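# Notes for the structure review
As a plain string of letters, each chain reads:
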Amino acid sequence: MNYSLRQLRVFVTVAQAKSFSRAGEIIGLSQSAVSHSVKELEQQTGVRLLDRTTREVILTEAGQQLAARLERILDELSSTLRDVGRVGQQLSGTVRVAASQTISAHLIPRCIAFSNQQYPDIDFVLHDRPQQWVLESIRQGEVDFGIVIDPGPVSDLECEEVLSEPFLLLCRDDDPLAALDEVAWQALQGARLVLQDYASGSRPLIDAALREQQVRATIVQEIGHPATLFPMVEAGIGISVLPALALPLPQGSRLTVKRFTPAIERKLMLVRRKNRSLSGAAQAIWEVVRMQAEQLTQARIRDPLFNAEAR
């Protein structure tokens, strides 16, 4: 049997109002539509639920039993739906976010600090991992969402770009390239490079940039953690290419960064599973990351390192 929720609500309203016309006024249906709905329910149950007179409707014994049970069931259903709605909008609980190391070290602390201030009942938990681990943890549902370097075409994930930033040259302040305002990629021809390894989402982009600019260089060291690039370069082992989010430079170091020409950028993406809704709390944190990335973009407009017109 196929009973509709509408039929059940109409019947309970008629039972309470003891009138088709009054029930229609309460639920916004015509008297004939109310009568038709009750007749359909009677046909589907196979029993008479109401005795109709010219002045009122009277519940049969079967109708009385059904109305009493349905009132409790429909009340419970309404309560359940209200509770579900509150959970969906709730700005509390734990939100798990995964991000690669450079992003975790520089963008995410701003996001956590703002979240703690704006949403004190949300526990923002960061998972700091290599890019491929981040993507897999999103797919497996181990985190609510992640922030990664553009992973390229992915059919099972929903991606939203939140930040585009350039790669920069990292060298010692006594390197001849340090005297230039901008450094052409061709200046890396034959250079000794210290780069992040392939656990980083940036490395394939750097390789592609070197190929595109027809630069042949020697990779002398491949580093897992971006912070290790700084002492390597300062020690004179080589120069490096790093994303802007790896800044600032260590205080007191003999290091400097320069813009490349042409500018080659990487895109940072908010990523979540496709066709999966975020909780109210996770959606709030998603918006926090988006807003903080936008503020960082606006601040860089005034920075000569990122905008020649700001000089």
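I will try to describe carefully the structure that is included in this document. (Residues numbered from 1 in each chain as written. Predicted model: local features only at pLDDT ≥ 70, side-chain atom pairs only at ≥ 80, totals over all residues. Heavy atoms only, no water.)

## What to know about helix H3 (residues 31-45)
- Helix length check: H3, at 15 residues, gives a terminal C-alpha distance of 21 Å against a target of 21 Å (1.5 Å per residue), a fit within 8%.
- Restricting attention to buried positions, one finds in H3 the residues Val34, Ser35, Ser37, Val38, Leu41 and Glu42. Within H3, the buried residues cover an arc of 160° as seen down the axis, which keeps them to one side. Exposed residues pointing more than 90 degrees away from the buried face of H3 are listed as Ser32 and Gln43.
- Looking one or two residues past H3, Gly46 carries a phi angle of roughly 80°, positive in sign. (Helix = DSSP H or I, 4+ residues; strand = E, 2+ residues; numbered from the N terminus. Expected span 1.5 Å × (residues − 1). Buried < 20%, exposed > 50% of the residue type's maximum accessible area, 1.4 Å probe, protein only. Arc of directions from axis to C-beta.)

## A short note on the nonpolar core
- Of all hydrophobic cores here, the largest spans 27 residues; its most connected members are Val95, Ile103, Phe145 and Ile147.
- Elements represented by at least two residues in this core include exactly strand E3 (93-99), helix H6 (108-118), strand E4 (122-128), strand E5 (145-149), strand E6 (157-172), strand E12 (265-273) and helix H10 (280-301).
- Looking at this core element by element, the count peaks at nine residues for H10.
- In this structure, Ile147 is in contact with Val97, Ala98, Ala99, Ser100, Ile103, Ile108, Met269, Leu270 and Val289, ignoring residues within four places of it in sequence. (Core = buried A, V, L, I, M, F, W, Y, C linked by side-chain atoms within 4.5 Å. Contact = heavy atoms within 4.5 Å.)

## Digging into the pattern of salt bridges
- The full count for this structure, using the stated rule, is 14 salt bridges.
- Close ionic contact of Glu42 with Arg52 constitutes a salt bridge, the shortest N to O distance being 3.2 Å. Residue Glu42 is located in helix H3, and its partner Arg52 is located in strand E1 (residues 50-52); the two are separated by ten residues in the primary sequence.
- Its salt-bridge partner being Asp51, residue Arg48 comes within 3.1 Å of it at the nearest N-O pair.
- Looking at Asp51, the relative accessible area reads 36%, which means it is partly exposed.
- Residues participating in the shared-partner salt-bridge network are Arg172, Asp173, Asp174 and Arg254. (Salt bridge = Lys/Arg side-chain N within 4 Å of Asp/Glu carboxyl O.)

## Examining the packing of aromatic side chains
- Taken as a whole and judged by the stated rule, the model has two aromatic pairs.
- Arranged with centres 5.3 Å apart and planes meeting at 70°, the rings of Phe145 and Trp286 form a pair that is edge-to-face. Here the residue Phe145 occupies a position in strand E5, and Trp286 occupies one in helix H10, the gap between them amounting to 141 residues. Pair check on accessibility: Phe145 and Trp286 agree, each one buried.
- With centroids separated by 3.9 Å and ring planes inclined at 15°, the aromatic side chains of Trp185 and Phe260 adopt a geometry described as stacked. Note that Trp185 is positioned in the loop between strand E7 (182-184) and strand E8 (192-196) and Phe260 in strand E11 (residues 255-261), a separation of 75 residues in sequence.
- Residue classification places Trp185 among the buried residues on the basis of a relative accessible area of 0%.
- Above the plane of the ring of Trp133 lies Arg129, whose end atom (NZ or CZ) is 4.9 Å from the centre.
- Lying across the ring of Phe306, Arg300 places its NZ or CZ 4.7 Å from the centre. (Phe/Tyr/Trp six-rings, centres within 6.5 Å; stacked < 30°, edge-to-face > 60°. Lys NZ or Arg CZ within 6 Å of the ring centre and 35° of its normal.)

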